[in-house]
Amino acid sequence: MWQKNKVYDVVVCGAGPAGFAAAIAAARCGAAVLLLEQAARPGGVAVTCGCPGLMGCAIGERQLASGIGEELIRRLDEIGAVSFKHCLIRPLAGQPLHEDVISSEFAIALMMNRMLQQDGVDLLYYCTLYGCQTAGRKITAVDCFCAGEQLRISGKAFVDCTGDAILAKLAGYPVCAADPDDSMTKTVLFQVSNLQPFSRQELRTRFTTLQKTFPFPNQDHLMLHPVGDGGAYLLNITLTAGDPLDPADLTRMDIELREQIPQILQWLRDNFPEFKDCVLDSSAARIGVRNGRQILGRKTITCSDLNDNTPVAEPVALGRRGYGGHGGNAFIQNWAQSNPGTRGIPYGALLSPAGDNLAVGGRAISIEPRAISAIRLMLQCFASGQAAGVIAAMTANQGRLPDYPSLRTVLLQQNLLLE
Ligand SMILES: Cc1cc2nc3c(=O)[nH]c(=O)nc-3n(C[C@H](O)[C@H](O)[C@H](O)COP(=O)(O)OP(=O)(O)OC[C@H]3O[C@@H](n4cnc5c(N)ncnc54)[C@H](O)[C@@H]3O)c2cc1C
């Protein structure tokens, strides 16, 4: 449990994939760690936006999952809570991970909590970060709000895993946000059950033909994933565009997306016999935002970096080269590239030039917004989060950011793939 007046070695803000891995990584370096989160459970988008598909596990025969992200998947497998994303065969049992997997919101949060507690991380959920204190080039404390109480939490080093670089912004460090044309569409995911048996590939083909009559013009292909063993399916299909950092626009989008759900369900029932008797089980608690705000770091990953084969200097985690996304805007039509292979994420992309005790993990690291798909899948967020946690623990211990060779040694000891 968290201790009110304690000065933590490392305070991690945000308990999505990146923050979960950051907190455990820092604790395994011997740091006293607090993980704070505004939601009731860890998991981030996987849990609060109802998306338990863990992607970015592999490219072809190459396994990309490593470190704490891989450990989570194998622990989920041990309790029977993992299946391959595109079929229901239960897979792993010590085998390499050559495909993406899907679990459940419940199991992901449950296992994350178990692992965090086993590694001695202090947890504070229902706690919203809204401010920060600085002295010179260091953050000294974060201010949070919880059930009418304001809390000030002090630390020696901090990790921003809020997904939207909220701590970096509050500290006054440089940040950027995607232009709507470089952004991806927003989605509210929902789950249905009571479908008749179908062939996934054949259904997708029929969907692609029929979607031309669909009322939403930017429609993606049919993203339909089995969840659990009870015949439920996750539909990643509603779409709209707008500003994810503007609460008024988020409100508009959330209302609009939830209005799309009954319309989509009726359209599916009318056009696909398999959906005739389907029922809506649930919709995500929050709108899914794929790309919000990033730091402007000491090194920014660009699209041209991803098109270039030169090995990256000082890699701290493994990203991908492909970039692209969802929707029908100019970004998708003109910029998406499916470059094969992987590329290291450079140390400098996790650091702000303005601060000396903050590391950033997950989808808010320094990257040109239209390149974000190279680092935004969950396995890549676990990896950059783990690296950020190690950076913060070493910073707390040494009083300065670690040099790259000693950082690399610890990252490799923690089984993280770097290149
Ligand atoms: C609709 C949608 C579908 C997706 N589908 C997939 C998929 O199938 N597979 C896949 O691998 N990836 C998928 N992604 C991408 C992936 O889920 C995200 O990129 C990933 O979760 C980002 O991880 P993160 O830890 O950086 O941030 P997040 O998951 O966004 O976590 C950030 C955490 O910080 C917390 N937080 C934010 N602000 C505060 C605050 N002020 N105070 C306290 N806590 C705060 C949030 O509550 C959250 O828990 C999808 C994304 C979306 C939006």
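Predicted model, so just to flag it, every value in this text is computed and none were measured.

Turning to the nonpolar core, a few remarks are in order. Counting 106 residues, the largest nonpolar core has Val10, Phe20, Leu36, Val142 and Ile153 as its most contacted members. Ranked by residues supplied to this core, first place goes to helix H10 (residues 378-398) with 13 residues. Setting aside its immediate chain neighbours within four residues, leucine 36 contacts Val11, Val12, Cys13, Gly14, Ala15, Leu124, Cys127, Leu129, Val142, Cys144 and Ile153. In this structure, Leu257, Leu265, Phe275 and Ala284 belong to the second largest nonpolar core, which totals 25 residues.

With that out of the way, let us pick up empty space enclosed by the protein. Tallied over the entire structure, the rule returns one cavity of 30 Å³ or more. Of the volumes computed, that of the largest cavity is approximately 40 Å³. Ile301, Leu306, Gly319, Arg320, Arg343, Gly344, Ile345, Ala374 and Ile375 are the residues that line the largest cavity. When residues of the lining of the largest cavity are traced back to their parent elements, those giving at least two are strand E18 (315-320) and strand E19 (342-346). Per-element accounting of the lining of the largest cavity gives the leading share, three residues, to E19. Split into classes, the residues belonging to the lining of the largest cavity amount to five nonpolar, two polar and two charged.

With that settled, consider the layout of surface pockets. Estimated volume of the second largest pocket: approximately 160 Å³. Forming the boundary of the second largest pocket are 17 residues, of which Val47, Thr48, Gly50, Glu105 and Ala285 lie nearest the centre. Elements represented by at least two residues in the lining of the second largest pocket include exactly helix H2 (45-48), strand E13 (190-193) and strand E16 (279-283). Split by residue class, the lining of the second largest pocket holds nine nonpolar, five polar and three charged. Counting only domains with at least three residues in the lining of the second largest pocket, you end up with domain 1 (7-177 + 293-413) and domain 2 (185-283).

What counts and what doesn't
Residues numbered from 1 in each chain as written. Predicted model: local features only at pLDDT ≥ 70, side-chain atom pairs only at ≥ 80, totals over all residues. Heavy atoms only, no water. Core = buried A, V, L, I, M, F, W, Y, C linked by side-chain atoms within 4.5 Å. Buried < 20%, exposed > 50% of the residue type's maximum accessible area, 1.4 Å probe, protein only. Helix = DSSP H or I, 4+ residues; strand = E, 2+ residues; numbered from the N terminus. Contact = heavy atoms within 4.5 Å. 1 Å grid on protein atoms, 1.4 Å probe; cavity = no way out; pocket = protein on both sides within 12 Å on 5 of 7 lines; lining within 4 Å. Points joined across faces, edges and corners; volume = space filled by probe spheres on them. Nonpolar A, V, L, I, M, F, W, Y, C, P; charged D, E, K, R; others polar. Domains from an automatic or database assignment.

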